[in-house]
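# Secondary and tertiary structure notes
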Amino acid sequence: MKGYTICPGFGKAFKRIRDHYGMSMKQFGKTLGISSSTCHRYEHEIAKRMPEDVYNSLLALAMYPEDTDLLYSLVKEGDSIDEEILRLQGIIDRVAEENKHLKALLTEKWSEE
């Protein structure tokens, strides 16, 4: 099995990514294509290795936190996208819009000075 060794401190980073999306272990596991118990094992560093596909999905979520399409792309065909993922998309969209608005205000303020 191709994969990556889980190093000390990985569990905190895993949980931080999951918390960023506001997902339970069950929801996050579904997004990554793993079980909630596997999420638990990663967060508590009980697991020693992570399959390459799971790692790549996790890395993408960490690198592109505002990419709502990414959440959909990680859900396997045939799986239903539950209400929590739709709720999450709404939150991410609102935060992204607020971020754009704040950047515009800061740019305008900076230009005036």
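Below: a short report on this structure. (Residues numbered from 1 in each chain as written. Predicted model: local features only at pLDDT ≥ 70, side-chain atom pairs only at ≥ 80, totals over all residues. Heavy atoms only, no water.)

## Digging into the packing of aromatic side chains
Per the stated rule, a full pass over the model turns up 5 aromatic pairs. Note on Tyr-4 and Tyr-55: the rings are 4.2 Å apart at their centroids and 40° apart in plane angle, and the pair reads as tilted. Here Tyr-4, found in strand S1 (residues 3–5), pairs with Tyr-55, found in helix H4 (residues 52–63); they are 51 residues apart in sequence, far enough to count as distant. A relative accessible area of 27% means that Tyr-55 is categorised as partly exposed. On the numbers, 6.5 Å between centres and 90° between planes, the contact of Phe-10 with Tyr-42 is edge-to-face. A residue pair is termed long-range when its members are at least 10 positions apart, and Phe-10 in helix H1 (residues 10–20) and Tyr-42 in helix H3 (residues 36–43) qualify at 32 residues. Assigned by exposure class, Phe-10 and Tyr-42 land together as buried. Members of the aromatic cluster, connected to one another through ring pairs, are Phe-10, Phe-14, Phe-28 and Tyr-42. (Phe/Tyr/Trp six-rings, centres within 6.5 Å; stacked < 30°, edge-to-face > 60°. Helix = DSSP H or I, 4+ residues; strand = E, 2+ residues; numbered from the N terminus. Buried < 20%, exposed > 50% of the residue type's maximum accessible area, 1.4 Å probe, protein only.)

## Describing the pattern of salt bridges
The tally for this structure, following the rule as stated, stands at 2 salt bridges. In this structure, Asp-19 and Lys-15 form a salt bridge, with 2.9 Å as the shortest nitrogen-oxygen distance. Of the two residues, Asp-19 and Lys-15 are both situated in helix H1; the distance of 4 residues between them amounts to about one turn of the helix. Look at Asp-19 and you get partly exposed, because its relative accessible area is 41%. Accessibility expressed as a relative area gives 35% for Lys-15, which makes it partly exposed. Arg-18 is the salt-bridge partner of Glu-43, the closest N and O atoms lying 2.4 Å from each other. Of this pair, Glu-43 sits in helix H3 while Arg-18 sits in helix H1; the two residues are 25 residues apart in sequence, bridging distant segments of the chain. By relative accessible area, Glu-43 is classed as buried at 10%. (Salt bridge = Lys/Arg side-chain N within 4 Å of Asp/Glu carboxyl O.)

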